[in-house]
Amino acid sequence: MTVIVVTACPVGLRGHLTRWLLEISPGVFVGKVTARVRTLMWQRVIDMVKTGRAIMVYTADNEQGLAFEVHAHDWTPVDFDGINLMLRPAPRQKPSTGHRKTGWSNAGKRRRYGSR
């Protein structure tokens with residue numbers, strides 16, 4: 001079983017993938033192809049995806065029973081003691097302006113002036 005998910009890709013790529021796989025949802029393709037066809041198809045995806053991104057998951061003879069390929073994606077595959085995991089990027093934090101809010105907190109105001 002092979003699953004390919006493409007995002008922000010040209011329509012021509014989606015049409016090309018429907019030659020071998022079924023499009024079950026926009027940008028999600030599923031099917032069963034040989035390893036050679038899968039490799040050639042993935043190379044075509046990389047060539048045609050341009051500014052979009054793609055992920056391919058396929059069955060493999062390993063501990064997890066699957067393997068995956070990623071192209072132009074924020075999440076990266078990492079090998080952790082023989083198990084492939086996806087490393088998510090750290091959340092972006094807002095840049096600190098250096099200004100702190102001055103005055104009493106709401107809890108401090110309630111303590112000082114009574115809880116009304």
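The coordinates are above.
What counts, and where the lines are drawn
- Residues numbered from 1 in each chain as written.
- Predicted model: local features only at pLDDT ≥ 70, side-chain atom pairs only at ≥ 80, totals over all residues.
- Heavy atoms only, no water.
- Helix = DSSP H or I, 4+ residues; strand = E, 2+ residues; numbered from the N terminus.
- Rg over C-alpha atoms; globule rule 2.2 N^0.38 Å.
- Buried < 20%, exposed > 50% of the residue type's maximum accessible area, 1.4 Å probe, protein only.
- Patch = residues over 30% accessible without salt bridge, like charges linked within 9 Å, V, L, I, M, F, W, Y side chains within 5 Å.
- Areas by Shrake-Rupley, 256 points an atom, 1.4 Å probe, with all protein chains shown as cover.
- Salt bridge = Lys/Arg side-chain N within 4 Å of Asp/Glu carboxyl O.
- Phe/Tyr/Trp six-rings, centres within 6.5 Å; stacked < 30°, edge-to-face > 60°.
- Lys NZ or Arg CZ within 6 Å of the ring centre and 35° of its normal.
- Pairing = 2+ DSSP bridges.
- Core = buried A, V, L, I, M, F, W, Y, C linked by side-chain atoms within 4.5 Å.
- Contact = heavy atoms within 4.5 Å.

Participant: Can you help me understand the overall build of the chain in this one?
Facilitator: Along the backbone of the chain there are three helices and seven strands. Going from N to C terminus, the chain has its helices and strands arranged as β-α-β-β-α-β-β-β-β-α. For a compact globule of 116 residues, the expected C-alpha radius of gyration is about 13 Å, and the chain comes in at 24 Å, more than 25% above that figure. Across the 116 residues of the chain, 22% fall into the buried class.

Participant: Sorry, what's going on with a nonpolar patch on the surface here?
Facilitator: Nonpolar side chains collect at one region of the surface, where V78, F80, I83, L85 and L87 lie side by side and expose about 420 Å² of accessible area between them. When residues of the nonpolar patch are traced back to their parent elements, those giving at least two are β6 (76–80) and β7 (83–87). A total of three residues in the nonpolar patch trace back to one element, the largest contributor, which is β7. Relative to the helices and strands, I83 is located in strand β7. A relative accessible area of 35% places I83 in the partly exposed class.

Participant: What is the right way to read the packing of aromatic side chains from this model?
Facilitator: Any aromatic ring pair is given by two values, namely how distant the centres are and how the planes are angled relative to each other. Taken as a whole and judged by the stated rule, the model has zero aromatic pairs. Over the aromatic face of Y58 sits the side chain of R38, whose NZ or CZ is 4.0 Å from the ring centroid.

Participant: Help me out: how do you make sense of the pairing of strand β2 (residues 22–25) in this one?
Facilitator: Every regular strand shows the same layout, with side chains that alternate between the two sheet faces. Note that β2 and strand β3 (residues 28–31) share three bridges and pair antiparallel. Bridge pairing in β3 places L22 opposite V30. Turn length for the β2-β3 hairpin, with the two strands adjacent in sequence and antiparallel, is two residues, and the turn residue G27 shows positive phi of about 85 degrees.

Participant: Looking at this structure, how should I read the nonpolar core?
Facilitator: Most often, soluble globular proteins keep nonpolar side chains buried together rather than apart. Grouped together as the largest cluster of nonpolar side chains are 16 residues, with contacts concentrated most on I4, V6, L13, L17 and V45. For this core, the secondary-structure elements that each account for two or more residues are β1 (2–7), α1 (11–17), α2 (35–48) and β4 (53–59). Apart from residues no more than four positions distant in its own chain, L17 is found in contact with I4, V6, F29, M41 and V45.

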